[in-house]
Amino acid sequence: MPLSPDRKKQYRSLGHSLNPVVTVAGNGLSDNVIEELNRALDDHELIKVKLVIADRDLRKQVIAEMAKKTRAEIIQEIGKVALIFREAKKPNLKLSNIR
């Protein structure tokens, strides 16, 4: 279910103070990167991802593919940083960035 505009706005403000927890570089979305993204989303629900990809169109494709493979929703893209969200099945209140 897509997030409401108000919820996205709330998550953007929460994401402002976050640091990137995963970096996607020249190798793209390898299995290890997808695994790390899933782990981070399960733990934190709202995460920043840094993309070290110079080409803007390729970067947009990688962000879209990343969201599709992790079943996450893109909250915001600014430059080489993406903010993504996926609600955890069993949220950990100590690790979650939104609770």
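Just above, that's the structure.
First, a word on scope: everything that follows refers to the structure included in this document. Numbers given to residues run from 1 along each chain, matching the order in which its sequence is written. The predicted origin of the model limits local features to residues at a pLDDT of at least 70 and limits the giving and counting of side-chain atom pairs to 80 or more, whereas totals for whole chains, interfaces and linings rest on all residues. Only hydrogens and water are set aside when side-chain values are computed; all heavy atoms of the structure are taken into account.

**Quick word on the sheet that holds strand β3 (residues 73-78)**
Across the sheet, which stays open at both edges, the four strands sit in the order β1-β2-β4-β3 with mixed pairing between neighbours. Sheet topology places β1 (20-24) and β3 at the edges, where each strand pairs with a single neighbour. Ignoring which end each strand starts from, the neighbouring axes of this sheet average 25° apart. It only takes one pair of heavy atoms within 4.5 Å for two residues to be counted as in contact. For every element, the axis is a line fit to its C-alpha atoms; helices are fit only across the contacting stretch, and the angle between N-to-C directions ranges from 0 to 180 degrees. Secondary structure elements follow DSSP: runs of H or I of four or more residues count as helices, runs of E of two or more count as strands, with numbering from the N terminus. The sheet contacts of helix α1 (residues 5-15) involve β2 (46-51), β3 and β4 (81-85), and relative to β3 the element is tilted by about 55°. Here the rule is simple: two strands pair whenever DSSP picks up at least two bridges between them.

**Considering the side chain of R59**
Relative to the helices and strands, R59 is located in helix α3 (residues 56-70). Only protein chains enter the accessibility calculation, which uses a 1.4 Å probe; a residue whose area is less than 20% of its type maximum is buried, one above 50% is exposed, and one in between is partly exposed. Positive charges are assigned to Lys and Arg, negative charges to Asp and Glu, while His and the chain termini are left out of the count. Whenever Lys or Arg places a side-chain nitrogen within 4 Å of a carboxyl oxygen from Asp or Glu, that contact is recorded as a salt bridge. The buried charged residue R59 lacks any salt bridge partner; its closest oppositely charged side chain belongs to E77, at an N-O distance of 6.7 Å. Apart from residues no more than four positions distant in its own chain, R59 is found in contact with L51, I53, A54, G79 and K80.

**Some thoughts on the side chain of S96**
Turning to its location among the elements, S96 is positioned in the segment after β4. Residue classification places S96 among the buried residues on the basis of a relative accessible area of 9%. At 2.6 Å, the side chain of S96 forms a polar contact with the side chain of E45. Counted as a polar contact is a pair of N or O atoms within 3.5 Å, where, for protein atoms, one must be capable of donating a hydrogen and the other of accepting one, and residues adjacent in sequence contribute only when both atoms are in side chains. In this structure the side chain of S96 is engaged in a polar contact, spanning 3.3 Å, whose partner is the backbone nitrogen of I98. Excluding its chain neighbours within four sequence positions, the residues that come into contact with S96 are D43, H44 and E45.

Honestly, it's all geometry; don't read function into it.
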